[in-house]
Amino acid sequence: MCIGRFVFGIGGESLAVAQNTYAVSWFKGKELNMVFGLQLSLARIGSTVNMNAMQPIYDSIAKSSAFADAPSYQVLGVSLYIAMFTCLFSLACALGLAFFDWRAKRILKTSAATTGETITLKDMKTLLLSGKLWLICGICVAYYVTVFPFVGIGLVFYEMKYQMPHATAGIANSLVYILSAACSPVIGFLIDKSGKNIFWVMAGTLLTLGCHALFAFTFATPFLPTIIMGVAYSVLAASLWPLVSYFVPENQLGTAYGIMQSVQNAGLAAISQLSGSLVDNNGYLILITFYLVSPLTPVSSQHPQ
Ligand SMILES: N[C@@H](Cc1c[nH]cn1)C(=O)NCC(=O)O
């Protein structure tokens, strides 16, 4: 299983790096935040379908006459084979993209997704010494560790703190992603219109901070902070990822996004472990208080655009 998850991580995150680089190369200066919003929206539809569909798929296979006496690992295997078809669909889309890129290159007599320049060792050194890149990485990791691990343990949190039935807790937990799927393109469009990415990064961070405060210190309906968190997360994501393209030259974008994803995932790996251990040993109040402190890092590391 660990090997499978390792390969999955390499594939998924490389895809994200390539997607971001293509998006900037094709849409820079033309509603880039909206394009990122749309991309995030589709990714979040995928996460939501995954969160809500896999258990029913597993249950219906287990109940089917063909697998009535099958051990659970076989039922799981068949469920994962079904999930594999969405990966094949993704591969088909990538092949379609390659075709359009090749066609654009042929018609425009240029490389569509790159400037034709490749990164040199000197560029790499300049990039690695760029304070702005590391600040963005800091914002990215400090913010995302308060959202992805929270959603990861959210189901049990809603059940335990708010005494919600399993199904209602599942709906509450997927609301962050459902809202993000619905709002991200619209929010991306509004960010394009205002052109103030850093302001929106700060707004998204502060709103998320408020949500964690409501979760930690009140017993008011959790739907309100969850809804606000869905919107805040969309605001942050649609404004943060395009920001890289404002200061990193096009031939270094892939490397810059690669560094950003690595830092984000290193933080997520560590904080997911810490979240589990904080919940088990100290309870949810301490965990949410920890999430409250983490986004302060992005707020304090930002300065006006
Ligand atoms: N690292 C990417 C992709 C991802 C999503 N969940 C885990 N990895 C990322 O964070 N993209 C931005 C987003 O908001 O999903």
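Residues numbered from 1 in each chain as written. Predicted model: local features only at pLDDT ≥ 70, side-chain atom pairs only at ≥ 80, totals over all residues. Heavy atoms only, no water.

Looking up the protein in an unreviewed UniProt entry gives the name Lysosomal dipeptide transporter MFSD1, with the organism given as Bugula neritina. What UniProt states about the protein under its Subcellular location (unreviewed entry) heading is, verbatim, "Lysosome membrane". (UniProt positions renumbered as here; feature names shortened; annotations may be inferred.)

A. Layout of the overall build of the protein. For the protein, the helix and strand inventory stands at 12 helices and 0 strands. Its helices and strands taken in sequence order, the protein reads α-α-α-α-α-α-α-α-α-α-α-α from the N to the C terminus. The C-alpha radius of gyration computed for the protein amounts to 21 Å, which stays within 12% of the reference 19 Å derived for 305 residues, consistent with globular compactness. Considering the protein as a whole, with its 305 residues, one finds that 40% of them fall into the buried category. Considering only contacts in the protein between residues 6 or more positions apart, those separated by 24 or more positions represent 76%. (Helix = DSSP H or I, 4+ residues; strand = E, 2+ residues; numbered from the N terminus. Rg over C-alpha atoms; globule rule 2.2 N^0.38 Å. Buried < 20%, exposed > 50% of the residue type's maximum accessible area, 1.4 Å probe, protein only. Contact = heavy atoms within 4.5 Å.)

B. Broad picture of the site of the ligand. Close to the ligand lie Glu13, Leu40, Arg44, Tyr144, Phe148, Tyr233, Ala237, Trp241, Gln261 and Gln264, which account for all nearby residues. A distance of 2.6 Å separates an oxygen atom of the ligand from a polar atom in the side chain of Arg44. Here a nitrogen atom of the ligand sits 2.6 Å away from a polar atom, N or O, in the side chain of Gln261. Among the elements that make up the shell around the ligand, the one with the highest residue count is helix H9 (residues 223-243) (3 residues). Partitioned by chemical class, the residues of the shell around the ligand number 6 nonpolar, 2 polar and 2 charged. (Near = heavy atom within 4 Å. Polar contact = N/O pair within 3.5 Å; in protein donor to acceptor, adjacent residues only side chain to side chain. Nonpolar A, V, L, I, M, F, W, Y, C, P; charged D, E, K, R; others polar.)

C. Structural view of the packing of aromatic side chains. Under the definition given, this model contains 23 aromatic pairs. Taking 5.9 Å as the distance between ring centres and 35 degrees as the angle between the ring planes, the aromatic pair formed by Phe99 and Trp102 counts as tilted. Of this pair, Phe99 and Trp102 both sit in helix H3 (residues 72-108), separated by 3 residues, roughly a single helical turn. Judged by relative accessible area, which is 42%, Phe99 ranks as partly exposed. Taken together, a centroid distance of 5.6 Å and an interplanar angle of 85 degrees make the contact between Phe157 and Phe215 edge-to-face. Here Phe157 is found in helix H6 (residues 148-162), whereas its partner Phe215 is found in helix H8 (residues 197-217), with 58 residues between them in sequence. No difference in accessibility class separates Phe157 from Phe215, as the two residues are buried. Taken together, Phe36, Tyr143, Tyr144, Phe148, Tyr177, Tyr233, Trp241 and Tyr257 form an aromatic cluster joined through their ring pairs. One residue, Arg44, lies across the ring of Tyr177, its end atom 4.9 Å from the ring centre. (Phe/Tyr/Trp six-rings, centres within 6.5 Å; stacked < 30°, edge-to-face > 60°. Lys NZ or Arg CZ within 6 Å of the ring centre and 35° of its normal.)

D. Molecular detail of the packing of H8 against helix H11 (residues 284-293). At a closest axis distance of 9 Å, the pairing of H8 and H11 adopts a crossing angle of 165 degrees. Judged by the angle between their axes, H8 and H11 are roughly antiparallel. In terms of crossing hand, the pair formed by H8 and H11 is left-handed. Within the contact between the two elements, H8 uses Leu209, His212, Ala213, Phe215, Ala216 and Phe217 and H11 uses Leu285, Ile288, Thr289, Tyr291 and Leu292. Split into classes, the residues belonging to the contact of H8 with H11 amount to 9 nonpolar, 2 polar and no charged. (Axes fitted to C-alpha atoms, helices over the stretch in contact; angles between N-to-C directions. Parallel < 35°, antiparallel > 145°, perpendicular 65-115°, else oblique. Left-handed = near helix turned anticlockwise from the far one by under 90°.)

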